[in-house]
Amino acid sequence: MKILPPVSIEARRLLPSRWDLLAAILVLSFIVAFADVSRFLVHPLSSITGHALFLNIWDLPGYALRTGLRMLIAMAVSLAFTFGYATWAAKNPRAGTLLVPLLDILQSVPILGFLSVTVVWFLSLSPGRILGAELACVFTIFTGQAWNMAFSFYQSLRTVPPELEEAGRMFGLSSWARFWRIEAPFATPPLIWNMMMSMSGGWFFVTISEAISVGDTNIALPGVGSWIAVAIAQKNLPAIFEAIGAMLVVILIYDQLLFRPLVAWADRFRIDDEQSEDQPQSWALNVYRRSKLVDLMTAPFEQMMRWSYHWQPPSFGLRAATREMDSRLADILWYALLGLVGLIGAYRIYSFAHANLDWSDLGAAVGLGFITMLRVMVLIAIASLIWTPIGIYVGLRPRLTQIVQPVAQFLAAFPNNLLFPLVVSLIVYWNANPDIWLSPLIVLGTQWYILFNVIAGAATMPKELRDAAENFGVRGWLWWKKVALPAVFPFYVTGAITASGGAWNASVIAEVASWGKTTLHAHGLGAYISDATAAGDFRRVVLGIAVMSFFVVVVNRILWRPLYWYAERKFRLT
Amino acid sequence: MAELLNVEHVRRTFPRGGGEELLVLDDVNLNLKEGEIVGLLGRSGSGKSTLLRLIAGLSQPQGGSLSYMGSPIHGPVQGVAMVFQSFALFPWLTVLENVQLGLEALNLPPREMRDRALAAIDLIGLDGYESAYPRELSGGMRQRVGFARAVVVHPNILLMDEPFSALDVLTAENLRTDLVELWGNGKLPIKGIILVTHNIEEAVLMCDRVLLFSSNPGRVSSEIKIDLPQPRERTSTQFEDYVDKIYVEMTARRVERMRNQAAQPPSIAMTLNHVSPNQISGLIEALAAPPYSGKADLPDVAYEQELEVDELFPVAEAMQLLRLADVEGGDIKLTHMGKRFADGELNERKEIFSRALMSNVPLAAHIRKVLDERASHSAPKTRFLDELEDHMAEDAAEEALKTIVSWARFGELFSYDDDAALFSLENPT
């Protein structure tokens, strides 16, 4: 299955519409509002840890469990959000015109930016207690997952085969029953795939958001992320390796007990008629299926759903069901409301900027944005040069693919920030230039998307094409140029888009890294946001976030979007 | 006999870009009596399937009225069930669950639901497949599930939207005869059937009445009563007479339309259906070869070449447009040019084709002229697309240009670069 590219890649028009503008204003004013509130909430709280964190190996499983639980809760919240938001956007065209561009902007906001502006606000909800910090952490993971999932679900709802809908209506299923019996099942396989992808990005954010300092507020939630933070402060290499081990185990458990069963289960909802050759298997699913207990637990739920299908009086029979077109009045009210909200938002942003910022601040942030952009581009290019040939080599060898592909997917899921200390300690040791040597960290985790997409592309290359190339003696550079590279190009582009998006996010923590008491700084927008967060300087946090979102949106639109569609049109082998 | 369905003066349009409307059905009348199978026959795009969806209550007409057993239709009606061309089975439900789905909205007790579903499965010949998933079944078996799902609700009217066209020839025939047999024995709990098809023989084989649809916009152009006892023999002369009669009716109307079109001053905004030069060459060669020697009966050609009406008519129409053949009264006859084309070598054929384009297809001549006049000898596609869209719908304009590109490439009249979306006189270097 394919990774879904961000909304702005799928967008039909190159130039932003006024809906995009309104969405940008709404998101930015939301962040501004949070930042404004937070400024007055920052207290010099000593520490919010429930208890001091010691690097005791026997505590590690408990920490790992709590980290895993945070992920699970965030996933549940994201799922609930997805069903509500995406369904609303898909069913109500009026809402959809705004909700989809909103997703585009939300996808572009650096996720750790959400953390720095919201954490203080969440803390204020339950002063002095750990719950607020937990909420902030879960919210951060949520922001890393929800937008992609909602977009995937929205896309699926929009592409339900019309004849399935018609059959449902024909046999008198109410719209509620149609949603659960037709639309939701149809949308399930891509949604689960996206959940898996989002989850793999999520480990990165959960470990970071467990231990964060905003101004004088230091938070260290019990978990693997805080363990790492303490280990870094103590320069404790063995403890770092222990954390890496614990994380490996947690990810493995999630994979085996949650996602593999889900993928195997969702296989029945595939719409294509082919019997899949390698049906996804899961030993855990077999256990669940055979277990009476699971049956007992799900039976009442199923019964309830079945009963609920009759809940809405079915629009069935000979009744005058033709609903009048939505009235003009409602239209006018809706647009007036949006216009008003947009104006208020714009005013909030303006007054915030006017009071706190001047043009030189903006110039500085944009300048740093270009540095980070250069860094992202160069590193994506280097990663591409390395992984594309390797991916093709692996993808053309089925047995090698079977070994390498899961490893690459696993590496993408692994919270690579756990590896940062290893790299940083080396930079400190050799006294190397941080502007150059910190850079690789931003693609450390996301380069794997390039690798496993290219592998997938090479593996699905038609055998006949390869035979033809061999038959006509196409070899060497000619083979790469005319056969292999074009065949994997669409896959590569999708991978590179994901990798580049992830790299922007990673820059917030990769451009500033520490080892013991030494903190390394690279120049860039990520470091700017990171420093501003540490200093509790909300005006610069907001500015940094806004500028970075802008860069991401613009790069998506003017670089990746044309490239993606060019690749899809010209090189996609169907 | 009781009237099951009455359709009067129905009109349906679809919105087009730029506030325009595309008229799909215009002033359509139809009725269905108890015990009848009525066929709707026409080319794709003649609005047959749209009409079926109106009858099913899945969409609403802009004008006219539809009534089922005397009451107006405003939404899906209990008592009208549909069989879909693409089966429309739910891949995540088993055969039994798919069939039961039709009953679920009826609020029956689970026991009765199950019994009725099993009875329908039994009737349609799906015994033993109850717990299979659709993707485990062959196309024919899948469509049987589609039939069972429709039959299980005991509908008064069964709507069938080209139910056999996604199946291979043998499977389709097998399913057709089974269905006709069940219907003849009175075993189906159904009072009337409407069958949409573009297969003339299928219509003659199954229907009591056939309504012929003309396209753009869809209208009922004539009605033919098939007065043959069931089971019908495809090889009987009466059967063949009916098939011939329908062919003649359909071509007569097309010729008439083309005459009307020809009577108007030639316009670049002419509807061009996409037909590849290879199809044209193929048909010309077949017509020139021995059994026909330049003139043939359309049904015979369709049969020999294994072409459906949908495939044959556009090719014949393109040949008529290019003056390579004449179509009249169910016959197709090669013109002088057509014969020379058949005898010629590839280069001569290209020459003939190119000249036919220049003199008979205004759009081709127009593009060539623009390219000749420009210093660069090239012009972007949008230049012509915009011009065409002043006179015709967007997708029709796209299709016309696509057709012209393929014809001009064969005739080497001009060339087209898809990456740059550019017409030019140059050959690729």
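Numbering of residues begins from 1 in every chain and follows the order in which that chain's sequence is written. Ligands are numbered from 1 and chains lettered from A, in the order in which they are written. Given that the model is predicted, a residue must reach a pLDDT of at least 70 before its local features are reported, and side-chain atom pairs must reach 80 or more before they are shown or counted; all residues, however, enter totals for whole chains, interfaces and linings.

J.: I tried to follow the overall build of chain B on my own but got confused; where do I start?
T.: Along chain B, the regular secondary structure elements total 15 helices and 16 strands. With the radius of gyration taken over C-alpha atoms, the globule rule is written as 2.2 Å times the number of residues to the power 0.38. For a compact globule of 429 residues, the expected C-alpha radius of gyration is about 22 Å, and chain B comes in at 25 Å, within 12% of that figure. Residues counted as buried form 39% of the 429 residues belonging to chain B. Residue pairs are scored as contacts if the distance between their C-beta atoms, which are placed from the backbone, is within 7 Å. Within chain B, contacts between residues at least 6 apart in sequence are counted, and of these 70% link residues at least 24 apart. Helix and strand labels come from DSSP, where a helix needs a run of H or I of at least four residues and a strand needs a run of E of at least two; each type is numbered from the N terminus. Exposure is read from a count of other C-beta atoms within 10 Å of each residue's own; the residue is exposed at 12 or fewer, buried at 20 or more and partly exposed in between. C-beta atoms are placed from the backbone.

J.: I'm lost on the overall build of chain A in this one. Help?
T.: Each helix and strand in chain A was counted, giving 23 helices and 4 strands. Relative to a compact globule of 574 residues, whose C-alpha radius of gyration would be 25 Å, chain A shows 25 Å and is just as compact. Projecting the C-alpha coordinates of chain A onto the three principal axes gives extents of approximately 75 × 70 × 55 Å. Taking all 574 residues of chain A together, 46% fall into the buried category. Partitioning the intrachain contacts of chain A with sequence separation of at least 6 by distance along the chain shows that 81% fall at a separation of at least 24.

J.: Teacher, can you tell me more about the sheet that holds strand S15 (residues 415-417) of chain B here?
T.: Residue and element names in this part refer to chain B. Being paired, for any two strands, means DSSP has found at least two bridges between them. Overall, antiparallel pairing links the 3 strands, which are arranged S14-S16-S15 in an open sheet. In this open sheet, the two edge strands, each paired with only one partner strand, are strand S14 (378-380) and S15. Averaged over neighbouring strand pairs, the angle between their axes works out to 25 degrees when direction is ignored. Note on geometry: axes are lines fitted to C-alpha atoms, helical ones only across the stretch in contact, with angles between N-to-C directions running from 0 to 180 degrees. Along the sheet face, helix H14 (residues 381-389) touches S14 and strand S16 (422-424) and points at about 55 degrees away from the line of S14.

J.: Quick question: what am I supposed to make of the packing of helix H4 (residues 139-151) of chain B against helix H5 (residues 169-184) of chain B here?
T.: Angle between the axes and distance between the axes are the two parameters that describe a pair of packed helices. Residues and elements named next belong to chain B. For the pair H4 and H5, the least separation of the axes is 9 Å and the interaxial angle reads 30 degrees. With respect to their mutual orientation, H4 and H5 come out roughly parallel. The way H4 lies across H5 gives a crossing that is right-handed. Residues Gly139, Gly140 and Gln143 of H4 lie in contact with H5, whose contacting residues are Thr171, Asn174 and Leu175. Only Asp, Glu, Lys and Arg are considered charged, only Ala, Val, Leu, Ile, Met, Phe, Trp, Tyr, Cys and Pro nonpolar, and every remaining residue, Gly among them, polar. Tallied by class, residues from the contact of H4 with H5 come to 1 nonpolar, 5 polar and no charged. Angles below 35 degrees are treated as roughly parallel, those above 145 as roughly antiparallel, those between 65 and 115 as roughly perpendicular, and all remaining angles as oblique. With the far helix as reference, a near helix turned anticlockwise by less than a right angle produces a left-handed crossing, and one turned clockwise produces a right-handed crossing.

J.: Could you clarify how one ought to interpret the environment of Leu158(B) in this entry?
T.: All names here are of chain B. You can see Leu158 is positioned in strand S7 (residues 157-161). Taking the C-alpha atoms as reference, Leu158 lies 34 Å from Ala393; in sequence the two are 235 residues apart. Beyond its immediate sequence surroundings of up to four residues, Leu158 is in contact with Ala81, Val83, Ala150, Ile190 and Ile193.

J.: Got a minute to help me understand the sheet that holds strand S5 (residues 71-72) of chain B in this structure?
T.: Note: strands within a sheet are paired through backbone hydrogen bonds, in either parallel or antiparallel orientation. All names here are of chain B. Read from one edge to the other, the open sheet built from 4 strands follows the order S2-S1-S4-S5, with strand pairing classed as antiparallel. Both edges of this open sheet fall to strand S2 (21-33) and S5, since each of them pairs with a single strand only. Where strand S1 (residues 3-15) lies against S2, 9 bridges are found, and the strand directions are antiparallel. For Arg12, the partnering residue across the bridge sits in S2 and is Leu25.

J.: Hey, could you run me through the nonpolar core in this one?
T.: Across soluble globular proteins, nonpolar side chains show a tendency to be buried alongside one another. For the purposes of this analysis, a nonpolar core is taken to be any set of buried Ala, Val, Leu, Ile, Met, Phe, Trp, Tyr and Cys residues that are connected through C-beta atoms within 7 Å. Of all hydrophobic cores here, the largest spans 283 residues; its most connected members are Ile55(B) and Ile194(B). Top contributing element to this core by residue count: helix H21 (residues 476-510) of chain A, with 16 residues. Sequence-distant contacts of Ile194(B), that is, excluding residues within four places in its chain, are made with Leu32(B), Val38(B), Leu40(B), Leu52(B), Ile55(B), Ile157(B), Leu159(B) and Met160(B).

J.: Would you mind going over helix H19 (residues 447-459) of chain A with me for this structure?
T.: Working rule for helices: expected span equals 1.5 Å times residues minus one. Relative to the 18 Å expected for 13 residues at 1.5 Å per residue, H19(A) spans 19 Å between its end C-alpha atoms, a close match to the ideal helical length. Most of H19(A) sits inside the fold, with 13 of its 13 residues counted as buried.

J.: Sorry, what's going on with the domain arrangement of chain B here?
T.: Frequently, the measure chosen for interface size is the accessible area removed from exposure when the parts meet. Residue and element names in this part refer to chain B. An automatic or database domain assignment supplies the residue ranges for each domain. The domains assigned to chain B are domain 1 (3-249), domain 2 (277-342) and domain 3 (361-424). The centre of domain 1, based on its C-alpha atoms, is set 32 Å off from the matching centre of domain 2. Residue contributions to the side of domain 1 that touches domain 2 peak at 4 residues, all from helix H7 (residues 237-263). Counted by class, the side of domain 1 that touches domain 2 contains 4 nonpolar, 3 polar and 2 charged residues.

J.: Just checking my understanding: could you explain the environment of Glu511(A) for this structure?
T.: Residues and elements named next belong to chain A. Mapping Glu511 onto the fold places it in the loop between H21 and strand S3 (512-515). Using a count of 29 C-beta atoms within 10 Å as the deciding quantity, one classes Glu511 as buried. Sequence separation between Glu511 and Pro440 is 71 residues; the distance between their C-alpha atoms is 9.9 Å. Ignoring any residue separated from it by four or fewer positions in sequence, one finds Glu511 in contact with Leu438, Ala522, Gly524, Gly526, Ala527 and Ser530.

J.: Help me out: how do you make sense of the pairing of strand S6 (residues 80-83) of chain B in this one?
T.: Put simply, side chains in a regular strand alternate between the two faces of the sheet. Residue and element names in this part refer to chain B. Burial of the side chains of S6 extends over both faces: Val80 and Met82 are buried on one face and Ala81 and Val83 on the other. Of the pairings in the sheet, the one linking S6 to S7 comprises 4 bridges and is parallel in character. Counted as the bridge partner of Val83 is Met160 from S7.

J.: Explain helix H1 (residues 48-55) of chain B here, please?
T.: Each α-helix turn comprises 3.6 residues. Residues three or four places apart therefore point the same way. Of all 8 residues in H1(B), 6 are buried; the element is thus mostly enclosed. Positioned one or two residues after H1(B), Gly57(B) has a phi angle of 80 degrees, which is positive.

J.: Hey, could you run me through the pairing of S7(B) in this one?
T.: Residue and element names in this part refer to chain B. For S7, the buried fraction is high: 5 of the 5 residues fall into the buried class. Residue alternation in S7 divides its side chains into two sets, Ile157, Leu159 and Asp161 and Leu158 and Met160, and both sets are buried. Bridge count for S7 against strand S8 (residues 192-197) is 5 bridges, and the pairing is parallel. What sits directly across from Ile157, in S8, is Gly192.

J.: Would you take a moment to explain the packing of helix H3 (residues 60-91) of chain A against helix H6 (residues 131-158) of chain A for this structure?
T.: Residue and element names in this part refer to chain A. Orientation of H3 relative to H6, taken along the N-to-C sense of each, is 35 degrees, at an axis distance of 7 Å. Seen along the crossing, H3 lies across H6 with a hand that is right-handed. Of the residues assigned to the contact of H3 with H6, the class counts are 20 nonpolar, 4 polar and 2 charged.

J.: Can you help me understand the environment of Ser174(A) in this one?
T.: Relative to the assigned elements, Ser174(A) resides in the loop between helix H7 (162-170) and helix H8 (175-210). Taking C-alpha positions, Ser174(A) is 54 Å from Phe420(A), a pair spaced 246 residues apart along the chain.

J.: What am I meant to see in the confidence of the model for chain A here?
T.: Note that predicted coordinates carrying low pLDDT should not be read in detail. All names here are of chain A. On a scale of 0 to 100, pLDDT captures the predictor's confidence in every residue. For chain A, the mean per-residue pLDDT works out to 82, and 91% of the residues sit at or above 70. Looking across chain A, the model is least confident in helix H1 (residues 7-10), with a mean pLDDT of 72, and most confident in helix H14 (residues 359-395), with 92. With pLDDT under 50 throughout, residues 313-325 is counted as low confidence; its partners more than four residues away or in other chains account for 22 contacts.

J.: Teacher, can you tell me more about the confidence of the model for chain B here?
T.: Residues and elements named next belong to chain B. Averaged over all residues, the pLDDT of chain B equals 85, while 95% of them reach at least 70. Model confidence for chain B, summarised as mean pLDDT per element, is weakest for H7 at 75 and strongest for S7 at 93. Confidence metrics for the complex model read pTM 0.82 and ipTM 0.74.

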